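A look at the structure
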Amino acid sequence: MTGWLSVLVHGTLLGGLYALFAIGLSLIFGIMRLVNLAHGDLIVLAAFVILAVMTSFGVDVLSALLISLPIMFVIGFALQYVILNQTLGRDILPPLLVTFGFSIIIQNGLQEAFSADSQRLAAGAIETASIQLGGGIAVGVMPLLTLLTAIGVIFALNALFYWAPLGRAFRATSDDPLTAQLMGIDNRRIFAIAMGIAMIVTAIAAFYLGIRANFDPSIGPARLIYAFEAVIIGGLGSLWGTLLGGIILGVAQTIGAHINPEWQILAGHVAFLIILILRPRGLFPRAFD
Amino acid sequence: MSLLETRDLTAHYRDLQALFGVNTRLEQGDTLAIIGANGAGKSTFLRSITGLLRGAPWSIVFDGEPIGHLSAAEIMKRGIALVPEGRRLFPSLTVEENLLVGGYGRTGSGHWNISTIYSLFPKLRERRHQASTTLSGGEQQMVAIGRALMSNPRVLLCDEISLGLAPIIIRDIYQALPKIKETGTSVVIVEQDIQQAMKVADRLYCFQKGRISLAGSPAAFSRDEIHHAYFGTQK
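Here the structure is a predicted model, which means the values were calculated and not measured. (Residues numbered from 1 in each chain as written. Chains lettered and ligands numbered in written order. Predicted model: local features only at pLDDT ≥ 70, side-chain atom pairs only at ≥ 80, totals over all residues.)

**Comments concerning the interface of chain B and chain A**
Between chain B and chain A, the contact holds 21 residues from the first and 16 residues from the second. Broken down by element, the residue count for the side of chain B that touches chain A peaks at four residues, all from helix 2 (residues 72–78) of chain B. Residues of the side of chain B that touches chain A, tallied by class, amount to 12 nonpolar, five polar and four charged. (Contact = placed C-beta atoms within 7 Å. Helix = DSSP H or I, 4+ residues; strand = E, 2+ residues; numbered from the N terminus. Nonpolar A, V, L, I, M, F, W, Y, C, P; charged D, E, K, R; others polar.)

Below, the structure written as structure tokens:
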């Protein structure tokens, strides 16, 4: 019994990581209807940025993350403003093709710059630290922090959306980009800021990914799939739904792994497919559109 | 010098030309009415002024400066606000958020803010936290007008604000107009409802097939003259 409870707890914590992967994707789709196929590779790029900051400035991983946040914001802003804005329109195909191209460019660029070797973000003793929850269940400090960070990020983003003028501009642009321009909202700039914010979340996701496991330039597409599944399980446009989607995915994978270690990834995909059949619009779809 | 002028304004949708050299003038504090049948080019005219359609810089002159080439957001920041046809409220925003977003690009310095809008349209105060989609058509129109006023525009453009509303509601909405003019805002009203438009206008333009078929003070024209200009029939 304790075994299964422990599986549930670990799966939930793993879900926090998948939610962090997915939030950026959900944000971008929600605001500008852009499906970013390079999202997974951008997570890996962020992990390498943190690694590069660590090695070149000789700082610890947390300081490296803090330095990387504005760097990733600028990368996201520029990517959107200079390139992706040109692809947005009625046709959904150009942004798909361009971000698919980016995915390849980022993978190969990273391989050129950092080689195909696996890397890890060293965080010291906290990596293996754990807390006893009682009843024979122990949880790692890092996985716990991951889930708490995902919840914190969602709170912060919702506060931005519902309390700040910038957030109102995001929602107005998401509803009706043409009318939003009549409010003095420059939607090209709004989209660029949104991508910048998504890249900040991506850097946070990369921080936890890099501490948790090895990464190399080729692992982006698999992260993209987890992120997609979390977003779709939760329902497009709802960040809390995305968190729940991440948790369902995480729990399904952990249960799968508990039964047979080979089933981990498969169990996650199966859970996704079952939900897609039962609730094609996800668990918390938006009321309109 | 006029506050807002169009000089030989032309507009195109791909191969289709919708405006053929339109000359109009709006003086500070005046109300202009633009009438015309469906497809006469009225909405295209407003789309050009607001920057949703871009053209030659000097085809539209605002306060002595060319604005024909500017984006919608830039033009709104200079002080031209539109109440769009069909209201186009933001469905995921509440009534109050819709009003607030109207002041996103520009708040200007002037009479209008959230509380003066609520005094202009008291019904909106009760419904401030409701989703804009739950309001009646007339109330939605009030939100759309209030939203445009939040930027304290120098020119307020109203596209078909009576469309689809009951006559009694139209009267309510038009009653707000004198109060808006009192604050010094110049108003351009695009209407299919000729009677309504002529009552409030200092100057009238009639559009026909992308050209101006009649221009002048509404009092100067007979019913027949307007009829001919509107429908393009022979005298």
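**Considering the nonpolar core**
In this structure, Leu-20, Ala-47, Ile-50 and Ala-194 of chain A together with Leu-157 of chain B are the most contacted members of the largest nonpolar core, which totals 152 residues. If you tally residues by element for this core, the top one is helix 8 (residues 187–212) of chain A, at 19 residues. The contacts of Ala-47 of chain A, once residues within four sequence positions are left out, are Leu-121, Ala-206, Leu-209, Gly-210 and Phe-215 of chain A. (Core = buried A, V, L, I, M, F, W, Y, C linked by C-beta atoms within 7 Å. Buried ≥ 20, exposed ≤ 12 C-beta atoms within 10 Å, placed from the backbone.)

**With respect to the sheet that holds strand 4 (residues 60–62) of chain B**
Residue and element names in this part refer to chain B. Taken in spatial order, the four strands make up an open sheet running 2-1-4-5, and their pairing is antiparallel. Edge positions in the sheet fall to strand 2 (16–26) and strand 5 (65–66), since each has one partner strand and no second. Taken together, the two bridges between strand 4 and strand 5 define a ladder with antiparallel strand orientation. The partner of Val-61 across the bridge, within strand 5, is Pro-66. Against the sheet, helix 1 (residues 42–50) engages strand 1 (4–13), strand 2 and strand 4, with an angle of about 70 degrees to strand 2. (Pairing = 2+ DSSP bridges. Axes fitted to C-alpha atoms, helices over the stretch in contact; angles between N-to-C directions.)

**Thoughts on the packing of helix 5 (residues 141–163) of chain A against helix 6 (residues 165–175) of chain A**
Residues and elements named next belong to chain A. In the contact formed by helix 5 and helix 6, the axes pass within 5 Å of each other and the chain directions differ by 85 degrees. Relative to helix 6, the element helix 5 lies roughly perpendicular. Residues Leu-160, Phe-161, Tyr-162 and Trp-163 of helix 5 form the contact with helix 6, whose own contacting residues are Leu-166, Gly-167, Phe-170 and Arg-171. Per-class residue counts for the contact of helix 5 with helix 6 are six nonpolar, one polar and one charged. (Parallel < 35°, antiparallel > 145°, perpendicular 65-115°, else oblique.)

**A few points about the confidence of the model for chain B**
Summary statistics for chain B give a mean pLDDT of 91 and a share of 99% for residues scoring 70 or more. Predicted complex metrics record ipTM = 0.91 and pTM = 0.90. (pLDDT = per-residue confidence, 0-100.)

**Some thoughts on the pairing of strand 8 (residues 186–191) of chain B**
Residues and elements named next belong to chain B. Most of strand 8 is tucked away, with six of its six residues classed as buried. Here strand 8 shows two buried faces, one formed by Ser-186, Val-188 and Val-190 and the other by Val-187, Ile-189 and Glu-191. As paired strands, strand 3 (residues 31–36) and strand 8 are joined by five bridges and run parallel to one another. Within strand 8, the residue paired with Leu-32 across the bridge is Val-188. Relative to strand 8, strand 7 (residues 155–159) is paired through five bridges, and the arrangement is parallel. Pairing of Asp-159 across the sheet is with Val-190, part of strand 8.

**A short note on the environment of Ile-137 of chain A**
Residues and elements named next belong to chain A. Note that Ile-137 resides in strand 2 (residues 137–140). Judged by local crowding, Ile-137 falls into the partly exposed class, with 16 C-beta atoms found within 10 Å. A C-alpha to C-alpha distance of 8.0 Å links Ile-137 and Leu-5, two positions 132 residues apart in sequence. Setting aside residues no more than four positions away along its own chain, Ile-137 makes contact with Thr-2, Leu-5, Ser-6 and Val-9.

**Regarding unusual backbone geometry**
Unlike most non-glycine residues, Arg-33 of chain A shows phi in positive territory, near 55 degrees. Residue placement: Arg-33 of chain A occurs in the loop between helix 1 (2–32) and helix 2 (39–57). The class of Arg-33 of chain A is partly exposed, set by 14 C-beta atoms lying within 10 Å. Even without glycine at this site, Asp-8 of chain B takes up a positive phi of about 45 degrees. Structurally, Asp-8 of chain B is set in strand 1.

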